[in-house]
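A structural walkthrough
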Amino acid sequence: MKVIVTLVEKITSEAHIDIPNGLSKAAIKQHITDRYNSGEMQADLNIYQVDFESISAKIVKQTGESL
């Protein structure tokens, strides 16, 4: 018997990064966005929490096999 399992997860990652002092809220947001978009922050991201949203299974009938 073959079963296809579909798992939907919500993964929360956390990074502790240093940013320059004295930035406005908009500048902080832009600094973080720029670091993320450049891929520079990827090395700093660690999985913090995983929440399972749903899981489902579908039985696939193979040739010559009865269910």
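Quick notes on the rules
- Residues numbered from 1 in each chain as written.
- Predicted model: local features only at pLDDT ≥ 70, side-chain atom pairs only at ≥ 80, totals over all residues.
- Heavy atoms only, no water.
- Helix = DSSP H or I, 4+ residues; strand = E, 2+ residues; numbered from the N terminus.
- Rg over C-alpha atoms; globule rule 2.2 N^0.38 Å.
- Buried < 20%, exposed > 50% of the residue type's maximum accessible area, 1.4 Å probe, protein only.
- Contact = heavy atoms within 4.5 Å.
- Areas by Shrake-Rupley, 256 points an atom, 1.4 Å probe, with all protein chains shown as cover.
- Salt bridge = Lys/Arg side-chain N within 4 Å of Asp/Glu carboxyl O.
- Patch = residues over 30% accessible without salt bridge, like charges linked within 9 Å, V, L, I, M, F, W, Y side chains within 5 Å.
- Expected span 1.5 Å × (residues − 1).

Looking at the overall build of the protein
Along the backbone of the protein there are one helix and two strands. Mapped in sequence order, the helices and strands of the protein form the string β-α-β. Compactness check: the protein gives a C-alpha radius of gyration of 21 Å against a globular reference of 11 Å for 67 residues, more than 25% above the reference. In terms of overall dimensions, the protein has a C-alpha envelope of 70 × 20 × 20 Å along the principal axes. Across the 67 residues in the protein, those meeting the buried criterion constitute 3%. Across the protein, the fraction of contacts at a sequence separation of at least 24, relative to all contacts at a separation of at least 6, is 79%. Here the protein displays about 5800 Å² of accessible surface, and carbon together with sulfur accounts for 52% of that area.

Looking at the pattern of salt bridges
For the structure on display, the rule yields two salt bridges. A salt bridge links glutamate 40 to arginine 35; the nearest nitrogen and oxygen atoms lie 3.7 Å apart. A relative accessible area of 13% means that arginine 35 is categorised as buried. Between aspartate 44 and arginine 35 there is a salt bridge, with its nearest N and O atoms 3.2 Å apart. In this structure aspartate 44 comes out as partly exposed when scored by relative accessible area, which is 27%. Connected through shared salt-bridge partners, Arg35, Glu40 and Asp44 make up one network.

Digging into a nonpolar patch on the surface
Taken together, the side chains of Met1, Val3, Val5, Leu7, Ile11, Ile47, Val50, Phe52, Ile55 and Ile59 make up a nonpolar region of the molecular surface, amounting to roughly 1000 Å² of accessible area. Where the nonpolar patch is concerned, the elements lending two or more residues are strand 1 (2-14) and strand 2 (46-60). Top element by residues in the nonpolar patch is strand 2. It accounts for five residues. Note that isoleucine 55 resides in strand 2.

A look at helix 1 (residues 25-38)
Counted at 1.5 Å a residue, the expected span for helix 1 with its 14 residues is 20 Å, and the 20 Å between its end C-alpha atoms agrees. Directly beyond the C-terminal end of helix 1, a positive phi value near 85° is found at glycine 39.

Comments concerning the environment of lysine 2
Examined against the element boundaries, lysine 2 turns out to sit in strand 1. Sequence separation between lysine 2 and alanine 57 is 55 residues, and the spatial gap between their C-alpha atoms is 10 Å. Not counting chain neighbours up to four residues away, the residues in contact with lysine 2 comprise Lys58, Ile59, Val60 and Gln62.

Section: the environment of threonine 12
Along the polypeptide, threonine 12 turns up in strand 1. Residue classification places threonine 12 among the partly exposed residues on the basis of a relative accessible area of 29%.

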